[in-house]
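Overview (structure and organization)
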Amino acid sequence: MPFIPHTPSEASQMLARIGVSSIDTLFDEIPTSVPTADFSSIPLGISEMEMLRQFSQRAKLDELGPCFVGAGCYDHYIPAAVWDIATRGEFYTAYTPYQAEASQGTLQLLYEFQTIMASLAGLDIANASIYDGGSGLAEAILMAVRCNRQSKNKKVILMGAVHPHYVSAVQTLVSSQGIELHTTDRKAGKTNLDSIQIEDPVAVVVQQPNFLGILESVDEITDWSHSRGAMVVAVTNPLTLAVLKAPGTWGREGADICCGDGQPLGVPMASGGPSFGFLCTKQKYVRQMPGRIVGRTTDADGNEGYTLTLQAREQHIRRAKATSNICTNQGLLVTAATIYMSIMGLIGMKNTAIRCHENTTRLVEKLLATGKAERVYDSHYFHECAIRTERDSKALMQKMLNDQHFLAGFPLGTFDENLADSFLICATEKRTEREIDNYVEAFVESVNSC
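Each chain has its residues counted from 1, running along the sequence as written. Since the coordinates come from a predicted model, pLDDT governs what is reported: local features require at least 70, and pairs of side-chain atoms require 80 or more to be given and counted, while whole-chain, interface and lining totals use all residues. Here the side-chain values reflect all heavy atoms present in the structure, with hydrogen atoms and water set aside.

**Thoughts on the overall build of the chain**
Looking only at helices and strands, the chain features eleven helices and 13 strands. Projected onto its principal axes, the C-alpha positions of the chain cover 80 × 60 × 45 Å. Taking all 450 residues of the chain together, 49% fall into the buried category. For the chain, restricting intrachain contacts to residue pairs at least 6 apart in sequence, the fraction spanning at least 24 positions comes to 75%. If you average the places of the 38 positive and of the 50 negative side-chain charges in the chain, the two averages end up 5 Å apart. A run of H or I in DSSP becomes a helix once it reaches four residues, and a run of E becomes a strand once it reaches two; helices and strands are each numbered from the N terminus. Using a 1.4 Å probe on the protein chains alone, a residue whose accessible area is under 20% of its type maximum counts as buried, one over 50% counts as exposed, and one in between counts as partly exposed. Contact criterion: two residues are considered in contact whenever any of their non-hydrogen atoms come within 4.5 Å of each other. Under the convention used here, Asp and Glu are negative, Lys and Arg are positive, and both His and the chain ends fall outside the count. In this description, the location of a charge corresponds to atom NZ of lysine, CZ of arginine, CG of aspartate or CD of glutamate.

Here is the structure:
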């Protein structure tokens, strides 16, 4: 915001108007010991020019080479118009609309966001966003348990390789609710239905693509789950929904709930956050949806308007009846995502997704051709792939960062000790052919000297 100082004359006018003798009088409730505390350890101030010089030098420390890391946070191109519009005053300070109907612009944007997300997911309705992908999955599981009252237990199956950070968030948020989390065998990198012993789960979670980048057999999993009376919770990368089958069309009846992280939609990586989560579902489950829902209506004069149709959270109704304690809808990031999707359109998002897949395929093929790498799993993938070497992947990734300035991938040993020699790579639409070739050269050099 612009720096607008108050002159001594303006300060005197203000004090005279409110009948106070000095600025210090406004803060007389603060103990006298505080203003006279010893601040000798704090260095003296410097000039604005010197401050800018120091911060410019520090900023250069963050200037690394091309990013080939994915694992839930992706280096996508963001059109300049996205944040140019999102940081306008009308949007930049927009937060939760407590006087909702007075914030028609904010409500309309959230309504457009809901419409787009529901369309991408192939489901009836979406809420006005949630915190992030991990907490979104936890909310989806809690919602599924509330909806599936016919189930006699609270056993939830996490199919295949669900993002480990999401699993950690879920364990934290649902453990006190008596919900049991069960993981499946993922030796092949994806779900093996034949290995599942639980016959009557309350809900089944499947990530598409899964954490290892592999495409799951979602139609088969969805029908298997529904045949056992379980709700199906889909975890998706929203960009993939431009090319992959929508969760609402999985199997014969479709997934019941879809959630995920919206970071790929115009949100910068920003060292890992912040981001926002989304949640979509079928109309019949809308009363159990957490957070808020914006609706469109007409007033007494026939004018179109927007309103908070549903906000069953603890700040508005009795806590015992609230569906969640979600206290923010990540408004600014949702604003950016809505602008991004509006600018890109379905065709633009589809072209971006296809380019990501093509770049990752090109990178994988070139790595395999070196004879120093192999794929961990022989399965279809979208824009991430697990690669195995004869080196410790964490040490290899660090060496490529230190020596070649590549953010080279995600060491899978931090996720599974059996994959200490493997790492996950991702090449988004931003990666050029030259960057891919340079990566392969750096990889060979690092493997040979590691």
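**Brief notes about the sheet that holds strand E13 (residues 422-426)**
Two strands are counted as paired when DSSP detects at least two bridges linking them. Pairing within the open sheet is antiparallel, and its four strands lie in the order E10-E11-E13-E12. In this open sheet, the two edge strands, each paired with only one partner strand, are strand E10 (374-375) and strand E12 (410-411). Pairing geometry for E12 and E13, over two bridges, is antiparallel. Bridge assignment links proline 411 to a residue of E13, and that residue is phenylalanine 423.

**Examining empty space enclosed by the protein**
A probe matching the size of a water molecule, rolled over the atoms, marks out where space remains unfilled. Computed over the protein atoms alone on a 1 Å grid, cavities are sets of points where a 1.4 Å probe fits but cannot get out and pockets are open sets with protein on both sides within 12 Å along at least five of seven lines; a residue lines them when it has an atom within 4 Å of a point. Grid points are joined across faces, edges and corners, and a volume is the space filled by probe spheres set on the points. Scanning the model with the defined rule gives three cavities of 30 Å³ or more in all. Here the largest cavity defines a volume of roughly 200 Å³. If you trace the largest cavity, you find 21 residues lining it, with Gly72, Tyr74, Gln207, Pro209 and Asn237 closest to the centre. The set of elements that each furnish at least two residues to the lining of the largest cavity consists of strand E5 (231-236) and strand E6 (257-261). Nonpolar residues are Ala, Val, Leu, Ile, Met, Phe, Trp, Tyr, Cys and Pro. Charged residues are Asp, Glu, Lys and Arg, and all others, Gly as well, are polar. When grouped by side-chain class, the residues that make up the lining of the largest cavity number nine nonpolar, ten polar and two charged.

**Thoughts on unusual backbone geometry**
Each neighbour pair has its own omega, and for glutamine 208 with proline 209 the value is -10 degrees, a cis peptide bond. Residue placement: proline 209 occurs in the loop between strand E4 (203-208) and helix H8 (218-227). Here the amide bond leading from glycine 273 into proline 274 is cis, since omega sits at 5 degrees, within 30 degrees of zero. One non-glycine residue, alanine 270, lies in positive phi territory at about 50 degrees. Here alanine 270 is to be found in the loop between E6 and strand E7 (277-281). By relative accessible area, alanine 270 is classed as partly exposed at 44%. We note that serine 271 has phi near 60 degrees; this positive angle belongs to a residue other than glycine.

**Notes on the environment of glutamine 171**
Mapped onto the secondary structure, glutamine 171 falls in helix H7 (residues 164-174). Here glutamine 171 falls in the partly exposed class, since its relative accessible area comes to 44%. On a C-alpha basis, the gap between glutamine 171 and threonine 352 in space is 34 Å, while along the polypeptide they are 181 residues apart.

**Digging into the nonpolar core**
Buried Ala, Val, Leu, Ile, Met, Phe, Trp, Tyr and Cys residues that are joined via side-chain atoms within 4.5 Å together make up what is termed a nonpolar core. Counting residues in each nonpolar core, the largest one holds 52 residues, and the members touching the most others are Met117, Met159, Cys280 and Met341. Secondary-structure elements contributing two or more residues to this core are helix H3 (80-86), helix H5 (104-121), E4, H8, E5, E7, strand E9 (304-310) and helix H9 (331-369). In terms of residues, this core owes the most to one element, H9, which gives ten residues. For methionine 341, the contacting residues outside a window of four places in its chain are Phe113, Ile116, Met117, Leu120, Leu265 and Met349. Ala138, Val145, Val167 and Ile179 belong to the second-largest nonpolar core, a separate cluster that totals 34 residues.

**A word on the state of the cysteines**
Throughout, disulfides are identified as pairs of cysteine sulfur atoms within 2.5 Å of each other. With the rule as written, the count across this model stands at zero disulfides. Cysteine 426 supplies the cysteine sulfur nearest to cysteine 385, a cysteine that is in no disulfide, at a spacing of 11 Å. Residue class for cysteine 385 comes out buried when judged on its relative accessible area of 3%.

**Regarding the layout of surface pockets**
Taken as a whole, the largest pocket spans an internal volume of roughly 950 Å³. Residue lining of the largest pocket: 37 residues in total, with Val69, Cys73, Met269, Ser271 and Gly272 positioned closest to the centre. Considering each element in turn, the lining of the largest pocket owes the most residues, four residues, to helix H10 (residues 393-404). Of the residues belonging to the lining of the largest pocket, the class tally is 16 nonpolar, 14 polar and seven charged.

**Observations concerning the pattern of salt bridges**
What counts as a salt bridge is simple: a side-chain nitrogen of Lys or Arg found within 4 Å of a carboxyl oxygen of Asp or Glu. This model, assessed by the stated rule, comprises 14 salt bridges. Among the ionic pairs, arginine 53 bridges to glutamate 50, the shortest N-O distance being 2.5 Å. Separated by three residues within a single helix, arginine 53 and glutamate 50 lie in helix H2 (residues 48-60), roughly one turn from each other. Judged by its relative accessible area of 41%, arginine 53 falls in the partly exposed class. On the accessibility criterion, glutamate 50 (24% relative accessible area) is partly exposed.

**Points about the packing of H5 against H9**
Axis definition: a line fitted to C-alpha atoms, over the contacting stretch in the case of helices. Angles run 0 to 180 degrees between N-to-C directions. For the pair H5 and H9, interaxial distance at closest approach is 10 Å and the crossing angle is 40 degrees. Judged on the interaxial angle alone, H9 and H5 are oblique. H9 is crossed by H5, and the crossing has left-handed handedness. Of the residues in H9, those in contact with Leu109, Leu110, Glu112, Phe113, Ile116, Met117 and Leu120 of H5 are Val334, Thr335, Thr338, Met341, Ser342, Leu346 and Met349. Looking at side-chain class alone, the contact of H5 with H9 contains ten nonpolar, three polar and one charged residues. Oblique is the label for any angle not under 35 degrees, not over 145, and not in the 65 to 115 range, which are roughly parallel, roughly antiparallel and roughly perpendicular in turn. For any helix crossing, the convention is left-handed if the near helix is rotated counterclockwise from the far helix by under a right angle, and right-handed if that rotation is clockwise.

**Side note on H8**
With seven of ten residues buried, H8 lies mostly within the body of the structure. Looking at H8, one finds that the buried residues are Val218, Ile221, Thr222, Asp223, Trp224, Ser225 and His226. Turning to H8, the residues buried within the fold contact strand E2 (155-158), E4 and E5. Positioned one or two residues after H8, glycine 229 has a phi angle of 75 degrees, which is positive.

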